[in-house]
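Reading the structure
In case you want the letters, here they are:
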Amino acid sequence: MNKRVRVVVFLKPGVLDAQGQAVETGLRALGFEASEVRVGKAFELTVPEEGWRERVRELCERFLTNPLIEDYEVFEREEVCVP
Amino acid sequence: MRDPRFAVVVFPGSNCDRDCLHVLRDVLGYAAQFVWHETEDLSGFDAVLLPGGFSYGDYLRPGAVAATSPVVRAVRRFASLGGLVLGVCNGFQVLTEAGLLPGALLRNRTPTFRCEWVHLRVERTDTPFTGLYAPGEVVRMPIAHGDGRYHAPREVLEELERQRQVVFRYVDAQGRTTLDANPNGSVHHIAGVVNAAGNVLGLMPHPERCSEEVLGGQDGRRLFESMHRWLRERAAVAAGRSG
């Protein structure tokens with residue numbers, strides 16, 4: 001059996017997010033009241049179900065994120081939406 | 001005595017590889033050749049250059065995918081055996097992602113790609129890469145990057161400064177670390193760092209783009225000449241020992 005997971009990655013709090021600041025500038029230019037904008041990224045992947053939490057943690061810390069600058073969260077997904 | 005041999009790594013998306021090879025071979029007359037990112041064999045080389053560019057399209061994080069390539073595994077072994085490794089721009093990003101240098105390179109503080117000449121202060125001349133510069137000398141080199149903001153956690157920074165691993169800092173023409181002279185928001189104005197052993201250097205500015213007067217300056221040339229001289233001296237010492 002396989003497991004579908006979504007990994008969401010953000011720069012750590014305190015690390016300046018230049019992209020987030022640029023997006024915030026755009027939002028404000030459009031008249032939206034928005035602050036503290038952070039831009040992250042998301043991954044979806046399918047992994048073997050056995051021991052998946054440990055494996056996903058490992059692949060996040062070795063590759064999907066740079067633990068020096070980024071934090072991540074893992075979410076379990078129900079459906080596979082890759083064609 | 002054999003002349004030192006330089007390898008210039010080519011990743012998919014490298015775009016300063018030819019400039020590096022041109023400077024090493026055509027300008028300086030050194031023995032140099034390309035090596036492909038899939039090679040695991042760096043035997044016979046004395047120095048390896050990781051050039052600038054956008055390896056693997058900068059996908060995931062700049063340098064992250066290249067850091068998983070076979071040649072970087074070989075570079076890790078090569079460095080552990082004392083070979084000289086120079087990473088320029090994207091090459092610097094590859095070296096931090098591979099864990100061969102401390103810290104990380106983030107999106108510039110200003111949301112712009114910075115392509116301009118900068119001033120750098122040479123903080124150390126006792127490395128294999130900087131022996132031909134004067135201590136505290138201010139040099140001019142071009143930068144061209146969107147992700148050059150050097151970052152490291154406070155304890156790593158303290159360690160870097162204590163061990164004198166910062167080799168180049170962004171300064172103004174007078175050698176002062178002003179806010180305006182820092183093009184990307186790098187912490188402690190860091191433009192280049194060396195590993196603790198002293199044989200792996202990464203920097204964001206491009207020495208290969210300023211090694212001929214026709215390009216507006218040649219302050220970068222002495223970096224390659226320093227490496228060459230250092231390697232020749234090491235070979236001479238080794239030859240003396242065995243002879």
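Worth saying up front: this structure is predicted, and the values here are computed from it rather than measured.

Below, the discussion takes up the overall build of chain B. In terms of regular secondary structure, chain B is built from 5 helices and 11 strands. The C-alpha radius of gyration of chain B comes to 17 Å, within 12% of the 18 Å expected for a compact globule of 243 residues. Counting only residues that meet the buried cut, chain B has 57% of its 243 residues in that class. Surface exposure of chain B reaches about 9800 Å², of which carbon and sulfur atoms provide 51%.

With that settled, the discussion passes to the confidence of the model for chain B. Residues with a pLDDT of 70 or more make up 99% of chain B, whose mean pLDDT is 96. ipTM for the predicted complex: 0.86, alongside a pTM of 0.94.

A word on the sheet that holds strand β1 (residues 5-10) of chain B. Picture the strands of a sheet paired through backbone hydrogen bonds; they go either parallel or antiparallel. All names here are of chain B. Read across the open sheet, the 9 strands follow the order β2-β1-β3-β4-β11-β10-β9-β6-β7; overall the sheet is mixed. This sheet does not close on itself; its edge strands, each paired only once, are β2 (31-36) and β7 (138-145). Averaged over all pairs of adjacent strands, the angle between strand axes in this sheet comes to 25°, irrespective of strand direction. Here strand β6 (residues 114-122) runs beside strand β9 (residues 166-171); their pairing, made up of 4 bridges, is antiparallel. Of the residues in β9, the one forming a bridge with Val122 is Phe168.

The subject of this paragraph is the packing of aromatic side chains. Residue and element names in this part refer to chain B. Applying the stated criterion to the full structure yields 3 aromatic pairs over all chains. Seen in terms of ring centroids, Phe6 and Tyr30 are 5.5 Å apart; in terms of plane orientation they differ by 15°. Their pairing is stacked. Highlighted residues: Phe6 in strand β1 and Tyr30 in the loop between α1 (17-27) and β2, separated in sequence by 24 residues. By the burial criterion, Phe6 is buried, and Tyr30 matches it. Between Phe92 and Tyr150, the ring centres sit 6.1 Å apart and the planes meet at 15°, which makes this aromatic pair stacked. With Phe92 in helix α3 (residues 90-97) and Tyr150 in strand β8 (residues 149-151), this pair connects stretches of sequence that are 58 residues apart. When the ring centre of Phe45 is taken as origin, the NZ or CZ atom of Arg5, which lies over that ring, is 4.7 Å away.

Here the focus is the sheet that holds strand β2 (residues 41-48) of chain A. Residues and elements named next belong to chain A. Taken in spatial order, the 3 strands line up as β2-β1-β3 in an open sheet, and their pairing is antiparallel. On the outer flanks of this sheet lie β2 and β3 (70-77), each paired with one strand and no other. For this sheet the average axis-to-axis angle between neighbouring strands, irrespective of direction, equals 25°. Of the pairings in the sheet, the one linking strand β1 (residues 2-11) to β2 comprises 8 bridges and is antiparallel in character. Residue pairing across strands places Arg6 opposite Glu44, the latter belonging to β2. The strands touched by helix α2 (residues 52-64) within the sheet are β1, β2 and β3, with β3 carrying the most contacts at an inclination of about 145°.

Across the contact, 15 residues belong to chain A and 16 residues belong to chain B. Of the roughly 1200 Å² buried at the junction of chain A and chain B (both faces included), carbon and sulfur atoms supply 66%. Where chain A packs against chain B, one counts 1 salt bridge. A:Glu70 is paired through a salt bridge with B:Arg61; the nearest N and O atoms lie 3.7 Å apart. Counting across the interface, chain A meets chain B through 4 residue pairs in polar contact (both at pLDDT 80 or more). Only α1 (18-29), β2 and α2 of chain A provide two or more residues apiece to the side of chain A that touches chain B.

Residues and elements named next belong to chain B. One non-glycine residue, Cys89, lies in the positive phi region at around 60°. Following the sequence through the fold, Cys89 ends up in the loop between β4 (84-88) and α3. In this model, His189 sits at a positive phi of 60°, which is unusual for a non-glycine residue. By the secondary structure assignment, His189 is in the loop between β9 and β10 (190-194).

The rules behind these values
- Residues numbered from 1 in each chain as written.
- Chains lettered and ligands numbered in written order.
- Predicted model: local features only at pLDDT ≥ 70, side-chain atom pairs only at ≥ 80, totals over all residues.
- Heavy atoms only, no water.
- Helix = DSSP H or I, 4+ residues; strand = E, 2+ residues; numbered from the N terminus.
- Rg over C-alpha atoms; globule rule 2.2 N^0.38 Å.
- Buried < 20%, exposed > 50% of the residue type's maximum accessible area, 1.4 Å probe, protein only.
- Areas by Shrake-Rupley, 256 points an atom, 1.4 Å probe, with all protein chains shown as cover.
- pLDDT = per-residue confidence, 0-100.
- Pairing = 2+ DSSP bridges.
- Axes fitted to C-alpha atoms, helices over the stretch in contact; angles between N-to-C directions.
- Phe/Tyr/Trp six-rings, centres within 6.5 Å; stacked < 30°, edge-to-face > 60°.
- Lys NZ or Arg CZ within 6 Å of the ring centre and 35° of its normal.
- Contact = heavy atoms within 4.5 Å.
- Buried area = accessible area lost by both parts, 1.4 Å probe.
- Salt bridge = Lys/Arg side-chain N within 4 Å of Asp/Glu carboxyl O.
- Polar contact = N/O pair within 3.5 Å; in protein donor to acceptor, adjacent residues only side chain to side chain.

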